[in-house]
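Descriptive structure summary
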Amino acid sequence: MKKKWIIAISVIVFAIVLIIILSFTVFSLKSIELDWRTSKLNIKQTDEEIISSCEFDYGGSVFFKNKDEYIEKIERIYPYIKVINIEVVFPSKYVIHVAERQEIFAIEHENLVYVCDEDFKVLSISDNLSEQTNAMLVTGLKILGTSYAVGEFMEVEGYLPIYSALYENNRNLGEQLAMIESIEFTTEFDENIKEEQEAIILKFLNGQTYKIINAGYGLSYKVELMLDVFSQFINFIGKDYNDTILTEENLKNATFEIRNYYDYRVYGEEDCFFTIIFNS
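Residues numbered from 1 in each chain as written. Predicted model: local features only at pLDDT ≥ 70, side-chain atom pairs only at ≥ 80, totals over all residues. Heavy atoms only, no water.

1. Remarks on the layout of surface pockets
In this structure, the largest pocket spans a volume of roughly 340 Å³. Forming the boundary of the largest pocket are 15 residues, of which Glu100, Arg101, Gln102, Glu118 and Tyr163 lie nearest the centre. Going through the elements one at a time, strand S3 (93–100) and helix H4 (162–168) are the ones with two or more residues in the lining of the largest pocket. Residues that form the lining of the largest pocket fall into these classes: 5 nonpolar, 4 polar and 6 charged. The computed volume of the second largest pocket comes to approximately 200 Å³. Along its surface, the second largest pocket is lined by Ser39, Leu41, Asn42, Glu100, Arg101, Gln102, Glu103, Asn134, Leu173, Gly174 and Leu177. When residues of the lining of the second largest pocket are assigned to their parent elements, the largest contribution, 3 residues, is made by helix H5 (residues 173–179). Classifying every residue of the lining of the second largest pocket by side-chain character gives 3 nonpolar, 5 polar and 3 charged. (1 Å grid on protein atoms, 1.4 Å probe; cavity = no way out; pocket = protein on both sides within 12 Å on 5 of 7 lines; lining within 4 Å. Points joined across faces, edges and corners; volume = space filled by probe spheres on them. Helix = DSSP H or I, 4+ residues; strand = E, 2+ residues; numbered from the N terminus. Nonpolar A, V, L, I, M, F, W, Y, C, P; charged D, E, K, R; others polar.)

2. Points about a nonpolar patch on the surface
Among the surface-exposed residues, Tyr261, Val266 and Tyr267 lie close enough to one another that they form a single nonpolar patch of about 270 Å² accessible area. Relative to the helices and strands, Tyr267 is located in the loop between strand S15 (254–260) and strand S16 (272–278). Among the residues examined, Tyr267 registers a relative accessible area of 33% and is labelled partly exposed. (Patch = residues over 30% accessible without salt bridge, like charges linked within 9 Å, V, L, I, M, F, W, Y side chains within 5 Å. Areas by Shrake-Rupley, 256 points an atom, 1.4 Å probe, with all protein chains shown as cover. Salt bridge = Lys/Arg side-chain N within 4 Å of Asp/Glu carboxyl O. Buried < 20%, exposed > 50% of the residue type's maximum accessible area, 1.4 Å probe, protein only.)

See below:
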């Protein structure tokens, strides 16, 4: 019986040693490849330069490496790169799936302009708003902290996922930038229910303003209605709206308020309507 135990333990030890040897030979990291899931307009370095600068530990087992450390290093050195994941391709290769972070929001804070992506990662900083030409100006957020460096994530409060809601309604970043000049996150006192409600004010480049009331409820549906109104407002010209004949001029300078119905027992998130306020 004792001899059998010695043999069994020896087999187990041999198997463990064999696995370790294989891990550091057959399964040692030998090659790395970047797989771009998007364009890389703001990435000037080649894939080889990016991989080289991140100083990967070749030779060690692909099983025992800390992928999170590699992800953190890549994203720290290259703020415009977002690592989706690192895939192990057996026996000895990493394929790093990456995407380019996009300039979406411009936030003025402490006399500086921070250009951020959807996650509020700082991509660039300037002291003049006119120096950036792409991102949408965002106001009304509470910024925690006094300053941030490129590559850091801004801590914000009061944000509602307006970019995602627009994207879900088939408006990619290019289309959003072509429509929207600025976005303000604010609150609106509702006289009917006597309380403050979250609101988003979007100023469009054509002069119109869209105000989404109770924006934390059914936002995607309200954005869908907003886009419908925006795309069809020319069809309103000549119609009577509350004793006002709609013209192209007063529609271009109007504010469209988008709300949900109050009775939640009858109406759902998808039920919303708009009213037109004519700006003087």
